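Commentary on secondary and tertiary structure
Read off the chains here:
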Amino acid sequence: MMKKLKLAIIGQGRSGMNIHGKYYLSERNKFFDVGYVVDADPVMREHVKTLYDGCTVLSDYTELFAYDDVDLVVNASYSDMHYPITKDLLEHGYNVLTEKPFAKTYYECETLISAAKKHGALLAVFQNTQHAPFYLDALKKANDGTLGDVKQISIRYNSLARRWDWQTLQKKVGGSAYNTGPHPIAMALGFLGFDKNARVEYSKLDTALTSGDAEDYVKIILTAPSKPVVDIEMNSTDAFCDYNIKIQGSRGTLKSTPTAYKMKYIVDGENPPRPVVVGSLRNADGMPVYCSEKLVAHEEDGTYDGTAFDVGTAKIYEEVYYAITENAPLTVTCEQAAQVISVIETAHALNPLPVKY
């Protein structure tokens, strides 16, 4: 019978409780027991006692250093604390799964990767969308030739909405790029094969409906040699966006959300080549006509079983378990997560926003 590992989680906010905690209490969790919960809020410390039988509650993560039976620490603290807390944990020899964003800068990411190697600890980043069924299916369809030569991939995390919490503050490493951005940017880099030559071709960060000083409008265009253009948006002013991923290729288009997809494409041989006509096209009566035809096309649609929040989360934890117990590789690597942060850091450097808080 598989032996469960003992886990400690830092932070019982929306992510710590509603994403990680939901997984711990689900049937999907066959790998970890919650032994320790760290939160500064006494109300939350009392609440988790009702969720995880026999768990030890602590008010500060440094209290974990008194215990030697922790197999994994999950860092679900505030975004600005991901780097310093993870670094401290690694230097104390703990295996760490840290929430996104991995850190604020590429240098900080490299520092954490080096610390993990130096102290023989496992380091992983919770970018669960890289295991989401809709993304993996889109990645497969982009590469299997059905859509032909892919020219552009558009990724949208848009809505008409506003925020007024800590995620709107630059000093807390908030804003759409650091908060939401690791999801679409990791997918974008995945479509580019995490090419080391990928670059930010264009970016714009701005504020619209946010109450804070961090961006809620993000546009980033990524390119890489001989790869499609990837157009990323996180926009709080778009009330009519009906997709998360759109792939446009020489044979057709895929449009998908986390729950469903539609695809329309043509097949080689079903639409014979049309010879070029130099001059105006004319009908049988000699009158000019528009250059048009009805292509023979195929359409399909389907749904996805599971999302990043259930399937993706479970896959992250499963891989972390086997990385700890069998030294198995992780699909979502720290190097990939660092490349995501490099893109965000570049966009911020090119679009500095005034710090107001």
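The preceding data block contains the structure.
The following paragraphs examine the structure supplied in this document.

Rules used in this analysis
Residues numbered from 1 in each chain as written. Predicted model: local features only at pLDDT ≥ 70, side-chain atom pairs only at ≥ 80, totals over all residues. Heavy atoms only, no water. Helix = DSSP H or I, 4+ residues; strand = E, 2+ residues; numbered from the N terminus. Polar contact = N/O pair within 3.5 Å; in protein donor to acceptor, adjacent residues only side chain to side chain. Contact = heavy atoms within 4.5 Å. Phe/Tyr/Trp six-rings, centres within 6.5 Å; stacked < 30°, edge-to-face > 60°. Buried < 20%, exposed > 50% of the residue type's maximum accessible area, 1.4 Å probe, protein only. Lys NZ or Arg CZ within 6 Å of the ring centre and 35° of its normal. Pairing = 2+ DSSP bridges. Axes fitted to C-alpha atoms, helices over the stretch in contact; angles between N-to-C directions. Arc of directions from axis to C-beta.

**Quick look at the side chain of D195**
The residue D195 is located in the loop between helix 7 (182–191) and strand 8 (199–206) in this model. Within the structure, D195 has its side chain in polar contact with the backbone nitrogen of N197 (distance 2.6 Å). Once you skip the residues sitting within four places of it in the chain, D195 turns out to touch A224, P225, K227 and Q339.

**Here's the deal with the environment of D33**
Considering the arrangement of structural elements, one finds D33 in strand 2 (residues 32–38). In sequence terms D33 and L5 are 28 residues apart; their C-alpha atoms lie 6.1 Å from each other.

**Considering the packing of aromatic side chains**
What characterises a pair of aromatic rings is the spacing of the ring centres plus the angle enclosed by the ring planes. Applying the stated rule across the entire model yields 16 aromatic pairs. Taking 6.0 Å as the distance between ring centres and 90° as the angle between the ring planes, the aromatic pair formed by F32 and Y321 counts as edge-to-face. Within this pair, whereas F32 is found in strand 2, its partner Y321 is found in helix 8 (residues 308–326), the two being separated by 289 residues in sequence. Look at Y321 and you get buried, because its relative accessible area is 6%. Between Y36 and Y67 the ring centres are 4.7 Å apart and the planes differ by 50°, which places this aromatic pair in the tilted class. Separated by 31 residues along the polypeptide, Y36 in strand 2 and Y67 in the loop between strand 3 (56–58) and strand 4 (72–75) bring together distant segments of the chain. Accessibility expressed as a relative area gives 29% for Y67, which makes it partly exposed. Taken together, Y23, Y24, F31, F32, Y52, F126, Y317, Y321 and Y322 form an aromatic cluster joined through their ring pairs. Positioned above the aromatic ring of Y261, the side-chain terminus of K141 is 4.5 Å from the ring centre.

**Topic: the side chain of D137**
Counting through the fold element by element, D137 comes out in helix 5 (residues 133–143). Once residues within four sequence positions are removed from consideration, D137 is found in contact with Y261 and Y304.

**Some remarks on the sheet that holds strand 14 (residues 298–303)**
Strand order in the open sheet formed by 8 strands is 8-9-10-7-11-12-13-14, with mixed pairing between adjacent strands. In the strand order of this sheet, the two ends are held by strand 8 and strand 14, each with one partner. When strand polarity is set aside, the average angle formed by the axes of neighbouring strands in this sheet is 10°. As defined by bridge partners, strand 9 (residues 217–223) adjoins strand 10 (residues 229–235) across 6 bridges and the pair is classed as antiparallel. Opposite I221, over in strand 10, you have D231 as the bridge partner. Those strands touched by helix 5 are strand 7 (150–156), strand 11 (245–249), strand 12 (252–256), strand 13 (260–265) and strand 14, and its axis lies near 5° from that of strand 11. Sitting on the sheet, helix 9 (residues 334–350) is in contact with strand 8 and strand 9, with an inclination near 60° to strand 8.

**Describing the sheet that holds strand 5 (residues 96–99)**
One open sheet holds the 6 strands; their spatial order is 3-2-1-4-5-6, and the pairing between them is parallel. The sheet is open, and its two borders are formed by strand 3 and strand 6 (123–126), each paired with just one other strand. Taking the axes of each pair of neighbouring strands and ignoring which way they run, one obtains an average angle of 25° across the sheet. In this sheet, strand 5 lies alongside strand 4 in parallel orientation, the contact comprising 3 bridges. From the neighbouring strand, N75 faces strand 5, where its bridge partner is T98. Running at roughly 180° to strand 5, helix 3 (residues 82–91) makes contact with strand 1 (5–10), strand 4, strand 5 and strand 6 of the sheet. Strand contacts of helix 8: strand 1, strand 2, strand 4, strand 5 and strand 6, with the helix running at about 175° to strand 6, the strand carrying the most contacts.

**Some words on helix 2 (residues 42–49)**
Considered for burial, the residues of helix 2 that qualify are M44, R45 and V48. Across the axial projection of helix 2, the buried residues extend over an arc of 105°, all falling on one side. At its buried positions, helix 2 is contacted by helix 1 (14–24), strand 2 and strand 3. Regarding helix 2, its N-cap is D41, as a side-chain oxygen of that residue lies 2.9 Å from the backbone nitrogen of V43 further along.

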